[in-house]
Every structure is written in structure tokens, then in C-alpha cells.
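Below, each chain spelled out in residue letters.
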Amino acid sequence: MDSEQLREYGHQMVDFVADYYQNIENYPVLSQVEPGYLLKLLPDAAPNQPESLQSVLDDVQSKILPGVTHWQSPSFYAYYPANSSVAGFLGEILSAGINMVGFSWITSPAATELEMIVLDWLGKLLKLPQEFLSSGHGGGVIQGSASEAVLVVLLSARDKTLRMVGKSALGKLVVYGSDQTHSALQKACQIAGIHPENCRLLKTDSSTDYALSPEIVNEAISHDISIGLIPFFLCGNVGTTSSATVDPLYSLAKIAKSNGMWFHVDAAYAGSACICPEYRRYLDGVEEADSFNMNAHKWFLTNFDCSTLWVKDRNALIQSLSTNPEFLKNKASQANLVVDYKDWQIPLGRRFRSLKLWMVLRLYGVENIQNYLRNHIELARYFEVCVGQDPRFEIVAPRKFSLVCFRLLPPVDDNEAHGSNKLNQDLLEAVNSTGRVFITHTALSGMYILRLVVGAPLTERRHIYAAWKLLQDEACTLLCSPLQ
Ligand code: PLP
């Protein structure tokens, strides 16, 4: 590593990224390239001799950026957001610069200890119960994704149960969530060896705003027990992926507890909002959960990746995930004096991810982050009001955070589901192909609906207004054109 080259190239690169952000509104939000476009533009082998940074940056500008979907664009409203910020970016630079691999405490004590401290800070901001903090038997850990978070707790819960009932009972173990639970749960079940039929995604509908009904959970568990199966894991949601629904955590926790099950809460997107006192109520009941997950890389100004997971019983994780080969042995670990995060996750190696979260909290402060979140929720409310005032559209599910679910209604004489679904597919295609916004869809009760999530740090009211006008214009064109 040549420090002088780093200084020179680093300045050039920061300028490049700063210019990218300055011009981000000029790029089509959704990349408009065709599959395989890049193969045609780049050589088919690596260069033998070094090239200049400038020639690489020229290629980034002319060949890579056209194939980028601009998640940081103020007009990116798809999926859930993936925030970046100056603080998060600087934290990434620092982490890349130090470039340590902190799997055990000894491999970089600061990495482990900062992660523990910052997760305690964030845990306190979320008003998580004391048992989730590092001072007791629990603690927080940064995973790469919510998918890894649910996998590690599912493995811990599985093994905890199997230690009680015997390993041969694996095929009898049953997992429960709602049909709105992210597919990460299903993937975790596949990896954990849960029988495919024993991952119960219980039905929800509009009568509960797509929240999991405790009665349905109770019924499913009772039925499974009566046929000799072993319920062991229940996943509740605070902010489902389709409509940001919140499950009734208290009731679900009670059911899990009375059946000796692990209760995990997935708040990947909406958890961030719960640092605001007025939204904290959505976490009520988390006190009774065994684990809680929120992606700071979604809506908390922390560059990808940074998925924060808290557990009450860190030993459950360690019992499932710990290995202790000779080549990793050291005094601090052997004496049980330290946390070795390698035993709380799937991989061995891990990055210094707490730096960026620490920098976000320090450079912005809690009040600014709260106001940042509130602003997005207010912008979503503004969009919701616009939709509500146009009789050609309808809001499909109640809005709690910064996600609005809506659809274009079919003309009165064409009110069957198929026509409506096709109409909304066409509307989505029409607005996204302009490159001026990127919006995605989901299905609720068999209806194809559109989702607009406010969450990009650069989004302002004028962007929301422009998105709404574009939707209205394209809707006008579709409704006026003869049926295909
Ligand atoms: N849970 C919820 C509620 C989500 O919305 C998502 C992704 O959007 C996930 C889990 C999976 O997130 P990750 O990509 O971090 O695995």
C-alpha cells in the first residue's frame, strides 16, 4: 500500500463519487440496459500491464454506470431503501483502510468492543429490554443481512430444541410465520434442514391488514402438536415487505412462550422508525422476544451491509455456531473473557462494520436521525394524500411508515381482477421505463399492487410530486388507450 498513491487516487475517487451524487438525478433510476450488455463492452481477459485510474474511471462512467440502478437516486422508491450517507461512506473508507478481519476478540479488540458498544447504544435507542444488551446473557451482533440473522437464530432455536427432544426429531420440527413473512425465513428453513412442509406460512388477509392472527397461530400449533409434530420457532414482523404490516407481538410472544418456542422479530425495514418515541409502540411486545433484527443498512443512513441482531441468550448462538480449532486458540478466548463474534455468525471472517454505524450516530446525532426518518414518513403521507384525492386510484393497505401501497382502479365496466392486475402491471412498466422513477410491486389478496417507499436520503417533496404527476400522466394514457 503506497500512501502517496492512496492520497492522490483517494482524492480522485472521492471527487468521482461526489460528482456522481451531484449528478445522480440525471441518470435513469432503473438501468435500461439489456442482459449481457457489459460482455460486449469489456475485454475478455484481465490486462497484463497496469492501467491508469483515469482510464478505469472513464470506463466506470461510460460502461458501468449505464448498467447501475441508482438506489441512491431521490426517485428510487422500489423494494426497501438502502441508505448511504456521508458518515456511512466515511465509515466504509475507514473500515477498508484498516482492513482487519475481526473474527475473534484478539484479531482486533477494538472491532469486537466497538460493535458491542454501538449495538448497546442502538438497542437503548430502540428501548430494547435490558436482556438484549451486552451486560447480561445476551447482546447484539452485526450480520451481513436479515437473511443471515434469521438463519443464525433459527439454527440456535433448532439445536436448543433438539438438545431437549433428541436429534432424531429434526423431521418433526415446525416453524411458523405469516404468508407476509420475508422469504428469508423459508430459505433459513431450507438450510436448517426443516422439512419443507413444516414451514408454515399462515394465511393473512385484509381483515387484519395482513397481520398474523394469534388465533390462527394457536390453531396451527395445537393441530401440529396433536399429530405429533414439535413447534419450535415463530417469526413476527414489524414492517412486512409487501405492506409494512406489524404483527401483534405481545400475543405472538405469549403463544411462543407457552409452547416453549423461540420468538424472533423481523423489523428489517421499519425497526429504524422505532427510535422515534411516537413509533416505538410498534415494538411493544419485543420485551418477550428471543431475538430482534433491524437492518441499519436499509433506513438508518448506514451503507450496506449492516444488519443488527440482538439475542437474549448468546449461548444459544454459540452452542450452534462455535468451533474451536487449534489455530484459532488464544488466551483471552480460552479464559472466556471476551466475545468472539465468529461464534455468532456463519462465516469466520468479518469486517469492521460497526465503524460506519458509530460514525452515523456520532456525526448526525439521534435527533437528526429521528427527524430524517420523520421527514420520509411525512413525504409518504403527502404521496398517500395525493393518491387518496384521485378517484382513479385507491390506497390498498393502511400506511404506518414510509411505504404506500396503491393501485390504479380499472374502468367501472372492466372490474374483474385480471383487468386490474394487467392495468397496474402496464402502469408500472410505463413509469419505470421512463427512467424517471423506480417503483416495484407486490401481491396482496391476489391483487397486483404498486408500492412506493420513500427512503432515499436525497428525496424531497418535489421528487414525490414529480413521481405522482408521472403516475397520473401514464394512468391517463393507459385509461384512454383502447383495450388490448
Ligand atoms: N425481512 C424483511 C421485512 C425485508 O423487507 C427484507 C428485505 O427487504 C428482508 C427480511 C431480507 O433482507 P436482507 O436482504 O438483509 O436479507
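Residues numbered from 1 in each chain as written. Predicted model: local features only at pLDDT ≥ 70, side-chain atom pairs only at ≥ 80, totals over all residues.

Colleague: So what exactly am I meant to see when it comes to the overall build of the chain here?
Modeller: From N to C terminus, the chain includes 14 helices and 11 strands. Taken over 484 residues, the chain has a buried fraction of 43%. Taking the intrachain contacts of the chain between residues at least 6 apart in sequence as the baseline, contacts between residues at least 24 apart amount to 74%. (Helix = DSSP H or I, 4+ residues; strand = E, 2+ residues; numbered from the N terminus. Buried ≥ 20, exposed ≤ 12 C-beta atoms within 10 Å, placed from the backbone. Contact = placed C-beta atoms within 7 Å.)

Colleague: Help me out: how do you make sense of the nonpolar core in this one?
Modeller: For soluble globular proteins, the rule of thumb is that nonpolar side chains tend to be buried together. Core analysis: the largest hydrophobic core is formed by 130 residues, its most contacted members being Tyr77, Val150, Leu154, Phe233, Leu234, Leu252 and Ile439. Among the elements that take part in this core, helix H12 (residues 354-389) stands out by supplying 13 residues, more than any other. (Core = buried A, V, L, I, M, F, W, Y, C linked by C-beta atoms within 7 Å.)

Colleague: How do you make sense of the pairing of strand E3 (residues 199-202) when you look at a structure like this?
Modeller: Walk down a regular strand and you will see the side chains alternate between the two sheet faces. In this structure, strand E2 (residues 173-178) lies alongside E3, joined through four bridges in parallel fashion. Within E3, the position partnered with Tyr176 by the bridge is Arg200. Handedness of the crossover joining E2 and E3 through helix H6 (residues 184-192): right-handed. (Pairing = 2+ DSSP bridges. Right-handed = clockwise from strand over helix to strand, strands pointing away.)

Colleague: Where do I start with the UniProt feature "modified residue: N6-(pyridoxal phosphate)lysine" (unreviewed entry) in the chain in this structure?
Modeller: When the UniProt feature table is mapped onto this chain, "modified residue: N6-(pyridoxal phosphate)lysine" (unreviewed entry) is found at Lys298. Tracing the sequence through the fold places Lys298 in helix H9 (residues 296-299). Residue classification places Lys298 among the buried positions, given that 25 C-beta atoms sit within 10 Å. Sequence-distant contacts of Lys298, defined by excluding residues within four places in its chain, comprise Tyr80, Pro81, Ala82, Asn83, Ala268, Tyr269 and Ser272. (UniProt positions renumbered as here; feature names shortened; annotations may be inferred.)

Colleague: What am I meant to see in the site of the ligand here?
Modeller: Every one of the 15 residues lining the ligand counts as a neighbour, but Ser145, Ala146, Ser147, His182 and Ala268 are closest to it. Its residues assigned to classes, the shell around the ligand comprises six nonpolar, eight polar and one charged. (Near = placed C-beta within 6 Å. Nonpolar A, V, L, I, M, F, W, Y, C, P; charged D, E, K, R; others polar.)

Colleague: How should I be thinking about the pairing of strand E10 (residues 440-444) in this particular structure?
Modeller: As paired elements, E10 and strand E11 (residues 447-453) share five bridges and run antiparallel to each other. Pairing of Thr440 across the sheet is with Arg451, part of E11. Count of turn residues in the E10/E11 antiparallel hairpin: two residues, of which Ser445 carries a positive phi of about 50°.

Colleague: So what exactly am I meant to see when it comes to the sheet that holds strand E9 (residues 403-408) here?
Modeller: Across a sheet, strands are paired by hydrogen bonds formed along the backbone, either parallel or antiparallel in direction. Taken in spatial order, the four strands of this open sheet run E8-E9-E11-E10, and their pairing is antiparallel. With partners counted over all chains shown, the strands left at the sheet margins are strand E8 (393-397) and E10, one partner each. Strand after strand, the sheet turns through a mean of 45° between neighbouring axes, direction not considered. Bridge count for E8 against E9 is four bridges, and the pairing is antiparallel. Pairing of Phe393 across the sheet is with Leu408, part of E9. Along the sheet face, H12 touches E8, E9 and E11 and points at about 20° away from the line of E9. (Axes fitted to C-alpha atoms, helices over the stretch in contact; angles between N-to-C directions.)

Colleague: Can you help me understand unusual backbone geometry in this one?
Modeller: Peptide bonds are mostly trans, and most non-glycine residues show a negative phi. Residue Asp305 is bonded to the preceding Phe304 through a cis peptide linkage, with omega at 5°. With respect to the helices and strands, the residue Asp305 is situated in the loop between H9 and strand E7 (307-311). A positive phi angle, close to 40°, is found at Asn99, a residue other than glycine. Tracing the backbone through its elements, the reader meets Asn99 in the loop between helix H3 (86-98) and helix H4 (109-125). Classification of Asn99 as exposed rests on a count of 10 C-beta atoms within 10 Å. Of note, the phi angle at Asn336 is positive, near 60°, even though the residue is not glycine. Residue position: Asn336 is located in the loop between helix H11 (331-334) and H12. Judged by the 7 C-beta atoms lying within 10 Å of it, Asn336 falls in the exposed class.

Colleague: What is the right way to read the sheet that holds E3 from this model?
Modeller: Pairing within the open sheet is mixed, and its seven strands lie in the order E1-E7-E6-E5-E4-E2-E3. The sheet is open, and its two edges are formed by strand E1 (139-143) and E3, each paired on a single side. Averaged over all pairs of adjacent strands, the angle between their axes in this sheet comes to 20°, without regard to strand direction. As defined by bridge partners, E1 adjoins E7 across five bridges and the pair is classed as antiparallel. Looking at E7, one finds that Gly139 is bridged to Val311. Across the face of the sheet, helix H5 (residues 146-165) comes into contact with E1, E2, strand E4 (230-237), strand E5 (262-266), strand E6 (291-295) and E7 while running at roughly 155° to E4.

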